[in-house]
Amino acid sequence: MNIIQFIKESVALQDFDHPNVLQTLGICWPSGVTPRVVLPYMANGDLRSLIRKNSAVSSNLYQLFTIRMLC
């Protein structure tokens, strides 16, 4: 992904409104560093960490998450 595409997607996510998706608070691009997306704090952690901790349910959980996001 190039920088322009990253910025366009980050800006588009600011207006994305879904109960299962965190709203983008902004982007940060310190000099000489890869740009970052600023998201709200997640007290229970992120989906990727949950999947990595429990590989037995990882594929089912990921499929369920994907299906719910598409609906």
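To keep things clear, this report deals only with the structure shown in the data block.

**Thoughts on the overall build of the protein chain**
Line of reasoning, step 1. Helix and strand counts for the protein chain stand at three helices and two strands.
Line of reasoning, step 2. Helices and strands appear in the protein chain in the N-to-C order α-β-β-α-α.
Line of reasoning, step 3. Looking at the protein chain as a whole, 11% of its 71 residues qualify as buried.
Line of reasoning, step 4. Sequence-distant contacts, at least 24 apart, represent 24% of the contacts inside the protein chain between residues at least 6 apart.

**Considering a nonpolar patch on the surface**
Line of reasoning, step 1. Together, Leu 22, Ile 27, Val 37, Leu 39 and Met 42 make up a nonpolar patch on the protein surface, roughly 360 Å² of accessible area in all.
Line of reasoning, step 2. Counting through the fold element by element, Met 42 comes out in the loop between β2 (36-38) and α2 (47-53).

**A look at helix α1 (residues 3-14)**
Line of reasoning, step 1. Compared with the 16 Å implied by 1.5 Å per residue over 12 residues, the 17 Å span of α1 between its first and last C-alpha is a close match.
Line of reasoning, step 2. For α1, the N-terminal cap is Asn 2; the gap from its side-chain oxygen to the backbone nitrogen of Ile 4 is 3.2 Å.

Quick notes on the rules
- Residues numbered from 1 in each chain as written.
- Predicted model: local features only at pLDDT ≥ 70, side-chain atom pairs only at ≥ 80, totals over all residues.
- Heavy atoms only, no water.
- Helix = DSSP H or I, 4+ residues; strand = E, 2+ residues; numbered from the N terminus.
- Buried < 20%, exposed > 50% of the residue type's maximum accessible area, 1.4 Å probe, protein only.
- Contact = heavy atoms within 4.5 Å.
- Patch = residues over 30% accessible without salt bridge, like charges linked within 9 Å, V, L, I, M, F, W, Y side chains within 5 Å.
- Areas by Shrake-Rupley, 256 points an atom, 1.4 Å probe, with all protein chains shown as cover.
- Salt bridge = Lys/Arg side-chain N within 4 Å of Asp/Glu carboxyl O.
- Expected span 1.5 Å × (residues − 1).
- Polar contact = N/O pair within 3.5 Å; in protein donor to acceptor, adjacent residues only side chain to side chain.

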